[in-house]
Every structure is written in structure tokens, then in C-alpha cells.
Amino acid sequence: MSGWQRELAALGELRADEPLARHVTLGVGGPARWFFRPGDRAALVAAMRLVPADVPILPLGRGSNLLPPDEGFPGLVLDMGELANLRVAGREIEAEAGVRMGRLARAAAEAGLAGLEFMATVPGDVGGGVAMNAGAFGQEVADTLQWAEVVLRGGETRRLDARELDMGYRRARLPDGALVMAAGFALTCDAPEAIRERMRSMRQRRGATQPLAQPNCGSVFKNPDGDYAARLIEAAGLKGLCIGGARISEVHANFIVNEGGATSADVRALIARAQAEVAARFGVRLEPEVRILEGRS
Ligand SMILES: Cc1cc2nc3c(=O)[nH]c(=O)nc-3n(C[C@H](O)[C@H](O)[C@H](O)COP(=O)(O)OP(=O)(O)OC[C@H]3O[C@@H](n4cnc5c(N)ncnc54)[C@H](O)[C@@H]3O)c2cc1C
């Protein structure tokens, strides 16, 4: 360990060569050279001050939309899981990046605040939800997000108005290298029981249509305009296709599941195959929704 790693280790637990497969829901991916879980926002800001500019940084939520390479990640992974404070104030809720979206949805329902029901069905954290503009059942983060507090390399913090993030279908434009530390949502009032009922019904629909019992990363591809990635993949005859330990799900063709022992390369090969076949047959380019991390070059 040299200078900055020693200083970081003084702020909290710093692990070397931590397998990323343990931290992403698909269960694939090699080691992160360095892995740090800041205990609070101050430790995160301090970490961002310490890390030299040439060390790549990867923010990590629940890893429910992330495909790391088998070679691993050569820089520092910042796991946001300990930043888990949540505060309800009138019709607004502030949540730190590591708050699970499911917990946020339940807290909103309890307070009689509507607009986050879909979050009960999305397994990620608030930070990942903002970065991805997560959404389902006609709702998305952008509908209710008011602001995001971010930290930049070097440790500068900023509170950005949601409009500055220019959010679109499964994307937000964060400033270069910015990590979301916390977010504020403005919601509307409704009866807690009505909100909970909507959450129940969304969860039920999910359970019936998605392969939730096997490791996966949710939708692999974005839906192209006016169509569904799952329909195209199924029409190309790829449902059930297996490469190594990874399979295009029989339950939902826009899901890839890890049947045990899959590698990141297996999953990437399935992604490439689906893109090639769908492009050849239907002239449609499927764009990955899952964030694919490049390996060492
Ligand atoms: C079973 C299942 C169902 C799903 N259903 C849905 C759905 O209905 N709708 C939907 O939109 N998604 C869905 N997803 C995908 C995923 O849950 C969402 O994209 C979620 O928002 C990712 O959150 P996360 O915390 O897991 O982020 P991660 O997977 O950890 O990270 C995703 C990306 O965001 C970045 N990131 C993470 N935290 C931060 C931060 N604090 N600051 C800056 N960048 C950050 C990461 O570097 C990465 O690029 C599903 C996934 C699964 C496994």
C-alpha cells in the first residue's frame, strides 16, 4: 500500500482485489483492485480528495445493472451502501445514495406520499436509480426528482437541480466523474393503503413475468422506439439460448440469467449474439441498458 491507499484505509475498510461477482446481481466479474465503502458523506468526500487523477473510480450501488469484465476493474470501486439516511419533510423526501429504492418506496407509502411506487419492484439503490433514471409501470425517477447532491473528483460537492441532469430513457447526464451522494424527491399526497395496493399489484405483475429466482441484471437491452427488445429477441429464435453458464431466459427474452458458473464473457457473447441476430433479421440495433464495463486494454 502506498500513500493514498494508506490514507484511505485510515478512513474505513479498504480491500484489495475484491471480487466484483460478489457485488453485482448477475454474479459475474473479476476483482476490483481497490474496494472502499465510505461510512458517511464526509468519508466519501475525503476519499474523492485523496484518489489521484489517473486512478479510475467506479461508483457502485446494488450492482443490479452492472456487467463488470472477468479481468476485473483496475481502479477504486466506491460502494455507496453505507450512505443510508432517509428523511421525510412534508411532501419531500431526501435519501442518501445507498438507500434501497424498495425502502424509499415503503417510507413514501407510510408517509402517504405517491410517485415512487415503481421503486418497490427495482432492486437498486437511490444513487444507481438517479444515474440510470430507473423506471417502470409508467413512472421514472425523473418524474419526481428535484435535486441531486454530487461529489466530483477532488472533493468538490454540488447540489444540482434535476433539470441540469437532462434525464431521458434510462439515462442521466451527470457531470464528468460525478457521484450522487443524495437526492431529493417531491411527491403528491394519497392514502397510504391506496399507494401500498399499487405497489402490491406492481410486484405481483413482476413476479409473474420475470425470472426473479435466478441471478440477473434486469432488462439487458433498452426497448427500441415503438417495439420491445424481448419481442425481437424471441422472434429471432434466441429465447433459451445458452453460452457457457449464461442463458437468455425462457421466462423473459430481455433477461439473461446466470445458471451457475457463468462468466462475464458468456454474458457478453449472448449480448453480441442477440444484437447481431436482431440486426440481421429486423434491421434494429439493440442498445444495452445494462452498464457494460470495459476490461483492461
Ligand atoms: C430483477 C431486476 C429488475 C429490474 N427492474 C428494473 C426496472 O423495472 N426498471 C429499471 O429502470 N431498472 C430495473 N433494473 C435495473 C436496475 O435495478 C436499475 O438500473 C437500478 O437503478 C440500478 O441501481 P443500482 O444501485 O443497482 O446501480 P448499479 O448497478 O450499482 O450501477 C448502475 C450504474 O450507475 C452507476 N452508479 C451507481 N451508483 C451511483 C452513484 N451513487 N453515483 C453515480 N453513479 C452511480 C454505476 O457506476 C453504474 O454505471 C432491474 C434489475 C434487476 C436485477
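Given the structure is predicted, the values throughout are model-derived calculations rather than measurements.

The rules behind the values
- Residues numbered from 1 in each chain as written.
- Predicted model: local features only at pLDDT ≥ 70, side-chain atom pairs only at ≥ 80, totals over all residues.
- Heavy atoms only, no water.
- Pairing = 2+ DSSP bridges.
- Helix = DSSP H or I, 4+ residues; strand = E, 2+ residues; numbered from the N terminus.
- Contact = heavy atoms within 4.5 Å.
- Axes fitted to C-alpha atoms, helices over the stretch in contact; angles between N-to-C directions.
- Phe/Tyr/Trp six-rings, centres within 6.5 Å; stacked < 30°, edge-to-face > 60°.
- Lys NZ or Arg CZ within 6 Å of the ring centre and 35° of its normal.
- Core = buried A, V, L, I, M, F, W, Y, C linked by side-chain atoms within 4.5 Å.
- Buried < 20%, exposed > 50% of the residue type's maximum accessible area, 1.4 Å probe, protein only.
- Domains from an automatic or database assignment.
- Buried area = accessible area lost by both parts, 1.4 Å probe.
- Near = heavy atom within 4 Å.
- Polar contact = N/O pair within 3.5 Å; in protein donor to acceptor, adjacent residues only side chain to side chain.
- Areas by Shrake-Rupley, 256 points an atom, 1.4 Å probe, with all protein chains shown as cover.
- Nonpolar A, V, L, I, M, F, W, Y, C, P; charged D, E, K, R; others polar.

J.: What's the story with the sheet that holds strand β16 (residues 246–248) in this structure? I'm lost.
T.: The strands that make up a sheet pair up through hydrogen bonds in the backbone, lying either parallel or antiparallel. An order of β15-β16-β17 is seen for the three strands of this open sheet, with the pairing classed as antiparallel. Here the strands that pair on one side only, and so sit at the sheet edges, are β15 (242–243) and β17 (256–258). Strand direction decides the pairing type here: β15 and β16, joined by two bridges, are antiparallel. When the bridges of β16 are listed, Ile 243 appears paired with Ala 246. Along the sheet, helix α8 (residues 264–282) contacts β15, β16 and β17; its crossing angle with β16, the most-contacted strand, is approximately 25 degrees.

J.: Would you mind going over the packing of aromatic side chains with me for this structure?
T.: Centre-to-centre distance and the angle between the planes together describe a pair of aromatic rings. Overall, the coordinates contain one aromatic pair when judged by the stated rule. With 6.2 Å between their ring centres and 75 degrees between their planes, Trp 4 and Trp 34 make a pair best called edge-to-face. Taken as a pair, Trp 4 in helix α1 (residues 3–11) and Trp 34 in strand β2 (residues 31–36) lie far apart in primary sequence, 30 residues in all. Between Arg 33 and the ring centre of Trp 34, over which it is positioned, the NZ or CZ distance is 4.4 Å.

J.: Got a minute to help me understand the nonpolar core in this structure?
T.: Nonpolar side chains in soluble globular proteins tend to end up buried together. Judged by nonpolar contacts, the single largest core of 37 residues is most densely connected at Leu 104, Met 119, Val 130, Val 141, Leu 145 and Phe 185. Elements with a minimum of two residues in this core: β7 (92–96), α3 (101–110), β8 (113–114), α4 (126–132), β11 (145–151), β13 (179–186) and α6 (192–209). In terms of residue count, the dominant contributor to this core is α3 (five residues). One finds Leu 67, Val 220, Ala 253 and Ile 271 within the second-largest nonpolar core, a separate group that totals 24 residues.

J.: Where do I start with the domain arrangement of the protein in this structure?
T.: One frequent convention defines the size of an interface as the accessible area lost when the parts assemble. You can read the domains of the protein as domain 1 (3–79), domain 2 (86–209) and domain 3 (229–292). Taken residue by residue, the interface counts five residues in domain 2 and four residues in domain 3. When domain 2 packs against domain 3, close to 370 Å² is buried across both sides, 49% of that on carbon and sulfur atoms. Broken down residue by residue, the surface that domain 2 buries against domain 3 is led by Met 132, Arg 170 and Thr 209, which jointly contribute 81%.

J.: Teacher, can you tell me more about the site of the ligand here?
T.: Neighbouring the ligand are 37 residues; Pro 59, Gly 61, Ser 64, Gly 135 and Arg 206 lie closest to it. Here an oxygen atom of the ligand sits 2.8 Å away from a polar atom, N or O, in the main chain of Gly 61. Asp 125 is positioned with one of its backbone polar atoms (N or O) 2.9 Å from an oxygen atom of the ligand. For the ligand, the accessible surface in isolation is 970 Å², of which the surrounding protein chains cover 94%. Those elements that provide at least two residues to the shell around the ligand are β3 (57–60), α4, β9 (135–136) and β13. The leading source of residues in the shell around the ligand is α4, at five residues. A breakdown of the residues in the shell around the ligand according to their chemical character gives 19 nonpolar, 12 polar and six charged. Both domains that furnish three or more residues to the shell around the ligand are identified here as domain 1 (3–79) and domain 2 (86–209).

J.: For this particular structure, what's the right way to read the sheet that holds strand β5 (residues 73–79)?
T.: Taken in spatial order, the four strands of this open sheet run β1-β2-β5-β3, and their pairing is mixed. The open sheet is flanked by β1 (14–19) and β3, the only strands paired with a single partner. Each strand of the sheet is rotated relative to its neighbour by a mean of 35 degrees, with strand direction disregarded. One ladder, built from four bridges, connects β3 with β5; its direction is parallel.

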